[in-house]
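# Secondary and tertiary structure notes
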Amino acid sequence: MEQSLTRLVQAQRLEERLVVLQRRADGLPVELSERGAQVSALEAEIDQADAERRAALSKAQDLENEVRTREQRVAKLEKQVLETRDASSAKVAEHEAGELRVRSAEAQDQALGLLERAETLQARAAEVRVRVAAAREDLEQFRATVEADAAGLREEIESYTARRDALLATLDGATRDHFAVVGKRTPGKIVTPLKGDSCGGCGTRMVPNDAVRVRAKNACFRCPSCARFLVSPEIWAAAEQESSASS
Ligand SMILES: [Zn+2]
């Protein structure tokens, strides 16, 4: 029985390690996709800057077209002023030409602002393009590392799984089943030593009889509160020594 309990603890140690390895393996694709998302965000920033720049240039062009049309109208009005003999109609034409000149000046200022904005956007897009190129290169390197890490982790997981299963195979069916059930509920925390008279896992104090049974090391005892296997501290320590000797 003592040997079975020791194996149970060793299986738990391997399980604990497996949980860590599995978490790391699961985390790699997440990290990879997060980095991919960062690159995509930078690419979106470039698209945004390019779109804004095109809009600014097109608006500036519209304004310049309006200015040109107004200039033609102003030239016509100026001609009218020179040619007319009617003072009041000359005044009306002068007034209109004046207003058009003011509006054109405003539109030219606006167009100039838009051209400056387009230049700023172009510079920003160029700067982000450089960053994207670097980020893409980083991502590719990271992807290669992740693939190597994942392959290493897979191998380790397979080896730990085989060792754990070999240990579990020596135990009876009910113990194996219970091991699996607790492992699902509290991954990597299936066996725990007795600490004083309490469960080392959940801290529940055992009734004296149960503590005696655990210390006797002749039965597979389970904590009535957290359902973990409860072993004597000696078994726990012995299993640890054997594990570190074998690994
Ligand atoms: Zn417990």
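If you're wondering where the values come from, they're calculated on a predicted model, not measured in any experiment.

## Here we look at the coordination of the zinc ion
The coordination sphere of the zinc ion contains the protein donors Cys199 (SG), Cys202 (SG), Cys223 (SG) and Cys226 (SG), at a distance range of 2.3 Å. Counting along the primary sequence, the residues that act as donors to the zinc ion give the motif C-x2-C-x20-C-x2-C. Placement of Cys202 in the loop between strand 2 (198-199) and helix 4 (208-216) and of Cys223 in the loop between strand 3 (221-222) and strand 4 (229-231) is noted, with a sequence separation of 21 residues between them. Of the residues examined, Cys202 reaches a relative accessible area of 33% and is grouped as partly exposed.

## Notes on the packing of aromatic side chains
Applying the stated criterion across every chain yields a total of zero aromatic pairs. The side chain of Arg35 reaches across the aromatic face of Phe142, ending 3.9 Å from its centre. Across the ring face of Tyr160, the terminal group of Arg163 is positioned such that the distance to the ring centre comes to 5.2 Å.

## Here we look at the environment of Glu64
Within the secondary structure, Glu64 is located in helix 1 (residues 2-83). Owing to a relative accessible area of 29%, Glu64 belongs among the partly exposed residues under this scheme. Expressed as a C-alpha distance, the spacing of Glu64 and Ala107, which sit 43 residues apart in the sequence, is 7.5 Å. Leave out the neighbours within four places in its chain, and Glu64 touches Ala111 and Leu115.

## Focus: the sheet that holds strand 3
The four strands lie next to each other as 2-1-4-3, forming an open sheet whose pairing is mixed. Looking at the sheet topology across the chains shown, the edges are occupied by strand 2 and strand 3. With two bridges joining them, strand 1 (residues 191-195) and strand 2 adopt antiparallel strand pairing. When the bridges of strand 2 are listed, Leu194 appears paired with Cys199.

## A short note on unusual backbone geometry
Residues other than glycine seldom take positive phi values, yet Lys217 does so here, at roughly 60 degrees. Taking relative accessible area as the criterion, Lys217 reaches 19% and is therefore assigned buried. Of note, the phi angle at Ala227 is positive, near 75 degrees, even though the residue is not glycine. Tracing the backbone through its elements, the reader meets Ala227 in the loop between strand 3 and strand 4.

## A closer look at the domain arrangement of the protein chain
Buried accessible area, meaning the area lost when the parts come together, often serves as the stated size of an interface. Assigned domains within the protein chain: domain 1 (15-169) and domain 2 (173-246). When each unit is reduced to the centre of its C-alpha atoms, the spacing between domain 1 and domain 2 is 60 Å. Facing seven residues of domain 1, the contacting portion of domain 2 comprises six residues. Between domain 1 and domain 2 lies a buried interface of about 540 Å² when both sides are counted; carbon and sulfur atoms form 66% of it. The interface formed by domain 1 and domain 2 includes zero salt bridges. Taken together, domain 1 and domain 2 are joined by one residue pair in polar contact (both at pLDDT 80 or more). Mapped by element, the contributors of at least two residues to the side of domain 1 that touches domain 2 are helix 1 and helix 2 (87-169). It is helix 2 that provides the largest number of residues to the side of domain 1 that touches domain 2, a total of four residues.

Definitions and limits used
- Residues numbered from 1 in each chain as written.
- Predicted model: local features only at pLDDT ≥ 70, side-chain atom pairs only at ≥ 80, totals over all residues.
- Heavy atoms only, no water.
- Donors = N, O, S within 2.8 Å, 3.2 Å for Na, K, Ca; no water.
- Helix = DSSP H or I, 4+ residues; strand = E, 2+ residues; numbered from the N terminus.
- Buried < 20%, exposed > 50% of the residue type's maximum accessible area, 1.4 Å probe, protein only.
- Phe/Tyr/Trp six-rings, centres within 6.5 Å; stacked < 30°, edge-to-face > 60°.
- Lys NZ or Arg CZ within 6 Å of the ring centre and 35° of its normal.
- Contact = heavy atoms within 4.5 Å.
- Pairing = 2+ DSSP bridges.
- Domains from an automatic or database assignment.
- Buried area = accessible area lost by both parts, 1.4 Å probe.
- Salt bridge = Lys/Arg side-chain N within 4 Å of Asp/Glu carboxyl O.
- Polar contact = N/O pair within 3.5 Å; in protein donor to acceptor, adjacent residues only side chain to side chain.

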